[in-house]
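Residue-level structural notes
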Amino acid sequence: MPDADPVPDVDAVTRAVLTASRVLVAVSARSLAGVEERVTLPQVRMLMVLSTRGATKLVTLAELLGVAPSTAMRMVDRLIAAGLADRQTNPDNRRETLLQLTEEGRRTVEGVTSRRRTEIANIVERLAPAQRTAIVEALTAFNEAGGEPPVPDETEPHPLGWVDPPGHDA
């Protein structure tokens with residue numbers, strides 16, 4: 001009797017993950033189609049972070065995005081001009097300014113997230129139940145190994161990740 005299926009080597013798994021990442025990048029790109037005239041991908045990422053973090057100081061926002069504070073400030077200025085974000089004085093420290101989404105910014109994040117979730121759900125529906133189970137198990141392990149927290153339930157947007165993997169020096 002032959003042995004059980006051989007364990008794929010690291011290269012085979014890497015190729016499969018890279019292929020899947022192309023699918024997910026395409027889904028993400030299509031989810032941005034409705035807003036690409038108004039905001040860039042880095043700006044959408046900033047909106048996602050503000051959506052999940054709430055009112056945030058500029059320095060904290062820059063750190064979360066991995067950009068210089070001056071770059072973050074230019075991005076914020078563009079989002080404010082577009083009516084997607086605003087500034088307010090921190091009630092706990094009047095010397096600080098907090099950045100937050102406007103209602104239009106929240107609707108933008110919700111639209112992008114909803115389109116992405118719908119398209120991924122359509123792909124997942126094409127899989128057999130056993131394949132769905134295998135994907136959940138494999139991706140959960142992959143996400144944990146990469147240091148990415150789970151996506152919140154469908155009522156909350158996801159910040160598009162970009163956490164540094166364990167052992168990565170920023």
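Reading the values: rules and limits
Residues numbered from 1 in each chain as written. Predicted model: local features only at pLDDT ≥ 70, side-chain atom pairs only at ≥ 80, totals over all residues. Heavy atoms only, no water. Helix = DSSP H or I, 4+ residues; strand = E, 2+ residues; numbered from the N terminus. Buried < 20%, exposed > 50% of the residue type's maximum accessible area, 1.4 Å probe, protein only. Contact = heavy atoms within 4.5 Å. Areas by Shrake-Rupley, 256 points an atom, 1.4 Å probe, with all protein chains shown as cover. Pairing = 2+ DSSP bridges. Patch = residues over 30% accessible without salt bridge, like charges linked within 9 Å, V, L, I, M, F, W, Y side chains within 5 Å. Salt bridge = Lys/Arg side-chain N within 4 Å of Asp/Glu carboxyl O. Expected span 1.5 Å × (residues − 1). Axes fitted to C-alpha atoms, helices over the stretch in contact; angles between N-to-C directions. Parallel < 35°, antiparallel > 145°, perpendicular 65-115°, else oblique. Nonpolar A, V, L, I, M, F, W, Y, C, P; charged D, E, K, R; others polar.

This part covers the overall build of the protein. Of the regular secondary structure elements, the protein holds 6 helices and 3 strands. Order of helices (α) and strands (β) in the protein, N terminus to C terminus: α-α-β-α-α-β-β-α-α. Taking all 170 residues of the protein together, 24% fall into the buried category. The contacts of the protein with a sequence gap of at least 6 include a subset with a gap of at least 24, amounting to 51%. If you sum the accessible surface of the protein, you get close to 11,500 Å²; carbon and sulfur atoms cover 57% of it.

In this section: the pairing of strand 3 (residues 93-101). As judged from the 2 bridges shared by strand 1 (residues 56-57) and strand 3, these two strands associate in the antiparallel manner. Along strand 3, the bridge assignment pairs Thr 56 with Leu 99. Looking at chain direction, strand 2 (residues 85-90) and strand 3 are connected through 6 bridges and run antiparallel. Directly across from Gln 88, in strand 3, lies its bridge partner Leu 98. Where strand 2 hands over to strand 3, the hairpin turn is made up of 2 residues, counted between the paired strands.

A surface patch of nonpolar side chains, amounting to about 400 Å² of accessible area, comprises Val 13, Val 17, Ile 135, Leu 139 and Phe 142. Put simply, the parts of the chain that give the nonpolar patch at least two residues each are helix 1 (10-31) and helix 6 (129-146). For the nonpolar patch, the leading source of residues is helix 6, giving 3 residues. Relative to the helices and strands, Leu 139 is located in helix 6.

Between its terminal C-alpha atoms helix 6 stretches 25 Å, which fits the 26 Å expected from 18 residues at 1.5 Å a residue. After helix 6 finishes, the residue Gly 147 shows a positive phi value of roughly 80 degrees.

At a closest axis distance of 9 Å, the pairing of helix 3 (residues 58-65) and helix 4 (residues 69-81) adopts a crossing angle of 105 degrees. Here helix 3 lies roughly perpendicular to helix 4, going by the angle between them. Along the contact surface, helix 3 presents Leu 58, Leu 61 and Ala 62, while helix 4 presents Pro 69, Ala 72, Met 73 and Val 76. Its residues placed into classes, the contact of helix 3 with helix 4 shows 7 nonpolar, no polar and no charged.

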